Structures are given as C-alpha cells and as structure tokens.
Amino acid sequence: MNPENPYEPEPAEIIEVIDETPMIKTLALKPTSPYQFKAGQFAQLTLPGVGEGPFTPSSSPLEPERIEITILKTGILTDGIHECQAGQTLGLRGPFGKGYPVDKLDDKEVLIVGGGVGLAPLRALIYALLARLERVKRVSIKYGARDTSELLYKRQYDEWAGTKKVDFTCTIDRPEPGWDGNVGVVTTLLENIDVDRPNCIAFVCGPGIMLKFVTQALMEEGLTPEQIYLSMNRRMSCGMGKCGRCNIGPYYLCKDGPDMQYSLIKDYPNVF
Amino acid sequence: MTVFYLPKDKFVGWLSGLNGGTVFAPAATALGSWVRRFESDTDEPPALDKPRAAQSTKGFFLPPAETIARYGPDAGSVAIAEGRNVLVGVRACELKAWKYLDKVMLEGDFDDPAYRARRENAVIISCDCADCAETCCCVLVDGRPYVEEGDGADINVTTLEDGYLVEPMTDKGVELLGGEFSEASSEQLTARQRIRDAMVERLKTQNADFTFNATDANPPDLPLDDDKSWQRHSADCVECGACTNICPTCHCFYLFDHELAVGSNERVRAWDSCLLSTYHRMAGGENMKISPRPELRSRLANRILHKFVYSPQQYGMLGCVGCGRCVDACPGAIDIRKVVEDLSK
C-alpha cells in the first residue's frame, strides 16, 4: 500500500481467472509489491473507476506474490469483477484487520466451519495451518453448500482429507443424483462432534443465518463463546476504523475483526 | 503563560496584520454567527462576544467532499498539503471535538495524511464564551465554556468590555502574538475569572432540567439499539442527516470512485450519515440481510450510543462535546439532551 496515501490502491494485474461455481470466481492477482498479509486479514479490491469492496484473500499468506481472491457475484462491483479477464489491472489496498490468531493455536484442536463462499477466507487459514501442522493438535474442516455445483475448491478436498492430523467433511443441503456424501445443512456435521471440547477453537464463516445456527450448534456441543470466532462482515469503506460504518457496539469490524470472538459481540443486537 | 491586554483597535490591527495564512473568524449575521474569511482591511472585530458559530469548523480538516486519491496509469497523484489556515474564535467545545477527531484520524495503525497536513498547518486562536446559545450544554458533558492551556489552542482570547485578554498557549502562539503588548493587570485577570464563572453558572441554569452529568469515565448507561424505547425519539427523525453534518465530532465518510478519463480515476471522500438508510447497505439480493440496522430507531440509537457509550470505550472520550448544534439543526426538534435524560438507566 502507498505509505503516503492509504486511500490510493496499488495496481495488481489479474494473472488467472478460475471459474469455481456458476456464481463464484477466483482471481489470481500479481500485486505491484508483495502483499504481506496474515490469514483472515482482508484487502480492499478496486475495480478501476467503479469502486472497491472488502475481500479476504483465499490464498496462502506464505505466497504474497500471488494473491487469490474468491468472489461471489452479488452486486454492482462483483458483477463488474466477474467480467474481468486475465491481463486486466485492478487495485489493492490493505491488508486490513487483525487476521486469525494463528499463533495462539499451538496444541489446539482447530475446528473450521464454512458455508458456501465462506470457505474462501478459511482456505487462507487452512494454508497457514498446513504450514505449521506440527504445532497444532488437529484440524477439522466442516463445509456445507446448497448443492454440488456450489461446492468450492473441490479439487483440494482429497488432499486435505488425506493429510495427517487433518480431516475434511462436507455436505450439501438437498439430496442430488450421483451424490453419496452427507446431506443436510452444515450444522448436521456438528452433532456429537468429535473434538476435545475444552481444547478446541472454532472458526466460522458463511452467510449470517449460517453463522447464527452454527454458533447455536457449537454452544449446544459445549463450546464457550470465547472459543468461537465468527467472520463478521458489514459494509466497510476505509478499512482503517475511521469511516464509521462497520461497527458492532464499540468494535469496528474492519479494525477489530473481521473475525470476532463471539464473547465480545454476543450481547449486541443485530449481530446475525 | 503570560496574559496580555489589547485594546479593541490594537486587537483588530493585530488580527488583520497576521501573515502567512488565511484568517477565518466568526461574523455576526441575522442567523447567528458564521465563520467567514476575515478581511485584512476591516476595523470590525470578529464576533467573539456572540454564541458559538452555527456551523462547526470540522470542514476545515475533514471537508464535506475531497479527492483523496487518484489512480490509473495516467492519473498522477493528488496533492494533499494545503495552505495554512488561521482559525479565530474557536470555542472550548470545538477544541475538544478536534482532540476526539485526532484520535479517530491519526491514532491506530493508519495515519490519515490529508487530515494530518491540514491539522498541523492550522493555527488556532480560540476564545472564551462570552455568550451562549440556548442549546449549549457543555456543562452536561464535563466541558467548560473557556479555554485552558493544553486544550489545543495556540492563543486564547477573552472578550472584556473595552478590549481583549490574549494568552499565548504554545510557542507558535508566542511567535504569532509578537509585538509589544502590555501584560494584563490583576484586575483584568479577576474580570476574566468573573466572566468564566458567570458563563458556567448561566449554562448550568439553562440546563437545570437535565440531571445527567456525563464524563469520559462515567458515561450514561443507555439501552442498546434493540430497545423499543428509542422509538419515542426516532418517531421525530426525518433522516435528513443534519445532525451528523453539523456535529463537530461526527466523522463518518464514504469513499466512491469516478473514471475521469481512460486510465485516470479519482477516489472521493465525502461525509456520510449513519441515520441514512443507505449507510449500512450491503450488496445482496432477496433473502439476504442487506442492512444490520434496517429500522430508523436502531440507526438513531446507534448514533447516540456511539457518542455516549461506544466512544468512551473506543477512545476514552465522550463523543458529544455539548455544543448543541444538532439540537438547533434538527427539523424534528430532537434534543439529544432530552434523549439521554429520558433513556438513561
């Protein structure tokens, strides 16, 4: 980011566009200078002349020279971004936010729960944990999407599931011909969950309604609000805690989040 | 520091002779005082004896809209430093507001270079309040109608009947005052104290209906925004955003981009208002929750909670300085004092 003007985006060239699902694409970007970020920190991605929006990179924080951002087509900006081709130049600001507390996960059982496009920021966390697997006790990934066409990063499931200390389970909401895996919303993967509860930290990302029910399910399974990190997203403009719009109570999600310990926000209205 | 006495003509002469900056000062109008450019050929003193100006000076540092960046291969960059402004007649409440804005804009991981340049370039000549508006209520939020060293002014001025007491408060102020002025007599200093005490008394009297006494360490206890009692006040809100525009501490802004020409884009920073329904609006379609505060009630609550509850937690300071401008500006006659009084637990 331009140290003299944090509002000015740095050019980043699109080097690859990956079609993930009918509505989701991943853009691989080559930033002007290495984009040093921690898993869970987010970027403000500029579509020149149109505007910018907050997206958490889905790629490995260990590869700051190739940033991948996975984007659901859902509004004016993302419609425009979905039109982009390799070779075009976008803009990047940031990284912003705290990022996942990866260094506090030593000897922990890490539970990763994603819904739909919510697996995107969690993939950065998965990469960060895979790079230090010797320090964590176990990584359990639970993922749900509406149907098989909406499952993200299918090409990586076998590799994750086959890695020692890692397990991966996914589900789709409704039965589908040819699918012999789990059926049901993602909370069905959390019933009688096989984790060492007092030693577990959960990271959850997905639509608001999914966050709500996953939080409820995890609490029913015996996790405390301190053990649950939710990826909270609100409209963010500056990314620096100045423009005011992304607050939950006294917390600015851009600065204090976007992943918030549930214990900090649970007493405020409109969390979900 | 030493306090000096300047008779009226000398004071105006000194102000009009100030070099190295554009001087702005309050001028009396039929609609109250307004901050205007102070012309150097005038012999009219600025309206320091009137209540605080109708609009705050926030816009000098955080303009209503500005180009904050340019980008694209042919865009060039945006020059952010501006000339020096000398702001005269700034009140204690506004100095407090700037302390608050400094925390928002300059502290934390990211500096705001445009705000910093304008803030550091400015010269502040404050004044004690010699009069107040009916809505002035600094005494309810631990404020006072006069300025002391450390408040953030370079020079402070007190209006006496036949002249002014002028007190430099920083090295910049000493340098700026220059000249050979006589030191204030002990009678004049006593007169200043009398004026200050009388203003405090007057403010307490005009706010006697309000029993709360908010401080940074002891802010009022207000219900959260899902509490239906906020409805009693939001029923009068017409979502115009006047309160947030006029408020010296409201700083919410929005960034939006334009294409100026092929290869050249600009990013504009413009004031925004948390009362507006578009403020929180996110992308998304049917069956998606696109705003965390769809009801006006919870948006009004969020503004007042930010001033009185969240700001002390975020910045160690109340977000309301008691200038009363939002009360004057509101077409629905919402009085923030009454809201806090009514809802404090």
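Residue positions are counted from 1 within each chain, in the order its sequence is given. Labels follow written order: the first chain is A, the first ligand is 1, and so on. Only residues with pLDDT of at least 70 get local features here, since the model is predicted, and only at 80 or more are side-chain atom pairs given and counted; chain-wide, interface and lining totals rely on the full set of residues. Hydrogens are left out, water is left out, and the side-chain values use all remaining heavy atoms of the structure.

Undergrad: I keep staring at the domain arrangement of chain A and nothing clicks. Help me out?
TA: Accessible area lost when the parts come together is the quantity often used to give the size of an interface. Residues and elements named next belong to chain A. The domain boundaries assigned to chain A delineate domain 1 (10-96) and domain 2 (102-231). Residue-level contacts link 17 residues of domain 1 with 15 residues of domain 2. What counts as buried area is the accessible surface, traced by a 1.4 Å probe, that two parts surrender upon association, with contributions from both included. The junction of domain 1 with domain 2 conceals about 1,200 Å² of combined surface from both sides, 65% of it contributed by carbon and sulfur atoms. When the buried area of domain 1 at its contact with domain 2 is split by residue, Glu 20, Ala 39 and Ser 58 rank highest and sum to 34% of it. Just so you know, the domain bounds were taken from an automatic or database domain assignment. Any two residues whose heavy atoms approach within 4.5 Å at even a single point are treated as in contact.

Undergrad: It is not clear to me how the interface of chain B and chain A should be interpreted in this structure. Could you clarify?
TA: Between chain B and chain A, the contact holds 46 residues from the first and 40 residues from the second. Where chain B abuts chain A, roughly 3,300 Å² becomes buried across the two surfaces, and 52% of that area is made up of carbon and sulfur atoms. Per-residue buried area on chain B facing chain A is highest for Phe110(B), Phe253(B) and Arg267(B); these three make up 18% of the total on that side. Any carboxyl oxygen of Asp or Glu within 4 Å of a side-chain nitrogen of Lys or Arg constitutes a salt bridge here. At the junction of chain B and chain A, the tally comes to two salt bridges.

Undergrad: What is the right way to read the sheet that holds strand β6 (residues 123-127) of chain B from this model?
TA: Note: strands within a sheet are paired through backbone hydrogen bonds, in either parallel or antiparallel orientation. Residues and elements named next belong to chain B. Strands pair, by our definition, only if DSSP identifies at least two bridges between them. Helix and strand assignments come from DSSP, with helices taken as H or I runs of at least 4 residues and strands as E runs of at least 2, each series counted from the N terminus. The eight strands are arranged β3-β2-β5-β6-β7-β8-β1-β9 in an open sheet whose pairing can be described as mixed. Taken across any chain shown, the strands that pair with only one partner, and hence form the sheet edges, are β3 (32-37) and β9 (182-183). As judged from the two bridges shared by strand β1 (residues 4-7) and β9, these two strands associate in the antiparallel manner. Across the sheet, Tyr 5 pairs through a bridge with Ser 182, a residue of β9.

Undergrad: Even after reading the chapter, I still don't get the pattern of salt bridges, so can you show me in this structure?
TA: Side-chain pairing between opposite charges can occur once the charged atoms of the two side chains come close. Under the counting rule described, the total for this entry stands at 40 salt bridges over all chains. What you see here is one network of salt bridges that share partners, running through Glu109(A), Lys137(A), Arg138(A), Lys142(A), Asp167(A), Asp194(A) and Asp196(A).

Undergrad: Explain the domain arrangement of chain B to me, please; I cannot follow it from the model alone.
TA: Residues and elements named next belong to chain B. Here chain B is described as being made up of domain 1 (4-206) and domain 2 (228-343). Measuring from the centre of the C-alpha atoms in domain 1 to the corresponding centre in domain 2 gives 26 Å. The partner domain 2 presents 38 residues to the 41 residues of domain 1 that form the contact. Between domain 1 and domain 2, roughly 3,400 Å² of surface is buried when both sides are summed, and carbon and sulfur atoms account for 58% of that area. It is Lys 58, Tyr 71 and Tyr 100 in domain 1 that bury the most area against domain 2; as a group they hold 22% of the surface buried on that side. Here domain 1 and domain 2 share five salt bridges between them. Linking Arg 269 and Glu 66 is a salt bridge whose minimum nitrogen-to-oxygen distance equals 2.9 Å. Throughout this description, a polar contact denotes any pair of N or O atoms lying within 3.5 Å of each other; where both atoms belong to protein, one of them has to be capable of donating a hydrogen while the other can accept it, and for residues adjacent in sequence the pair is counted only when both atoms sit in side chains. Our count for the domain 1 to domain 2 interface comes out at 25 residue pairs in polar contact (both at pLDDT 80 or more). Going through the elements one at a time, α2 (58-61), β4 (65-71), α3 (92-106) and α4 (113-121) are the ones with two or more residues in the side of domain 1 that touches domain 2. Of all the elements, α3 adds the most residues to the side of domain 1 that touches domain 2, at ten residues. Of the residues assigned to the side of domain 1 that touches domain 2, the class counts are 23 nonpolar, six polar and twelve charged. Side-chain classes are defined by residue name, with Ala, Val, Leu, Ile, Met, Phe, Trp, Tyr, Cys and Pro counting as nonpolar, Asp, Glu, Lys and Arg as charged, and the others, Gly among them, as polar.

Undergrad: Quick question: what am I supposed to make of the packing of aromatic side chains here?
TA: Here a ring pair, both rings aromatic, is described through the centre-centre distance and the interplanar angle of the planes. Note on aromatic contacts: the rings of Phe and Tyr and the six-membered ring of Trp form a pair at centre separations within 6.5 Å, being stacked when their planes are under 30 degrees apart, edge-to-face when over 60 apart, and tilted otherwise. Counted by the stated rule, this structure contains 18 aromatic pairs over all chains. A ring pair is formed by Phe24(B) and Phe60(B), whose centres lie 4.8 Å apart and whose planes are at 65°; its orientation type is edge-to-face. Taken together, the positions of Phe24(B) in strand β2 (residues 22-29) and Phe60(B) in helix α2 put the pair 36 residues apart, joining distant regions of the chain. Pairwise contacts between aromatic rings join Tyr143(A), Tyr157(A), Trp160(A) and Phe168(A) into one cluster. Two conditions define a charge sitting above a ring: the NZ of Lys or the CZ of Arg must be within 6 Å of the ring centre, and it must be within 35 degrees of the ring normal. In this structure, Lys212(A) is placed above the aromatic ring of Phe213(A), and the distance from its NZ or CZ to the ring centre is 6.0 Å. In this structure, Lys58(B) is placed above the aromatic ring of Trp271(B), and the distance from its NZ or CZ to the ring centre is 4.5 Å.

Undergrad: Hey, could you run me through the sheet that holds strand β6 (residues 89-96) of chain A in this one?
TA: Residues and elements named next belong to chain A. Strand order across the open sheet formed by six strands is β4-β3-β6-β1-β2-β5, with antiparallel pairing between neighbours. Across the chains shown, the open sheet's two edge strands, defined by having one partner strand only, are β4 (51-55) and β5 (67-72). Strand after strand, the sheet turns through a mean of 40° between neighbouring axes, direction not considered. As paired elements, strand β1 (residues 10-21) and β6 share four bridges and run antiparallel to each other. Considered in β6, the bridge of Pro 11 is made with Gly 91. Every angle, taken between N-to-C directions, lies between 0 and 180 degrees, and every axis is a line fitted to C-alpha atoms, over only the stretch in contact when it is a helix.

Undergrad: Would you explain the pairing of strand β11 (residues 264-271) of chain B in this entry?
TA: In summary, the side chains of a regular strand alternate between the two faces of the sheet. Residue and element names in this part refer to chain B. Buried residues are those whose accessible area, probed at 1.4 Å on protein chains only, stays under 20% of the maximum for their type, while exposed residues exceed 50% and partly exposed ones sit between those limits. With respect to burial, β11 is a largely interior element, seven of its eight residues being buried. Two elements, β4 and β11, share six bridges in a ladder whose sense is antiparallel. Paired with Ala 65 across the two strands is Ala 270, which belongs to β11. Where strand β10 (residues 253-261) hands over to β11, the hairpin turn is made up of two residues, of which Gly 263 adopts a positive phi near 85°.

Undergrad: So what exactly am I meant to see when it comes to the environment of Ala235(B) here?
TA: Along the chain, the position of Ala235(B) falls in the loop between α7 (231-234) and α8 (242-246). Sequence separation between Ala235(B) and Cys93(B) is 142 residues; the distance between their C-alpha atoms is 29 Å.

Undergrad: Got a minute to help me understand the packing of α3(B) against helix α9 (residues 296-315) of chain B in this structure?
TA: Between two packed helices, what matters for the description is the angle formed by their axes and the separation of those axes. All names here are of chain B. At a minimum axis separation of 12 Å, α3 and α9 run at an interaxial angle of 55°. One way to sum up the angle between α3 and α9 is to call them oblique. With respect to the hand of their crossing, α3 and α9 are arranged in left-handed fashion. Touching Tyr 100, Lys 103 and Val 104 of α3 are His 306, Ser 311 and Tyr 315, all from α9. Working rule for angles: under 35 degrees goes down as roughly parallel, over 145 as roughly antiparallel, 65 to 115 as roughly perpendicular, anything else as oblique. Crossing handedness: left-handed means the near helix sits turned counterclockwise from the far one by under a right angle, and right-handed means the same turn made clockwise.

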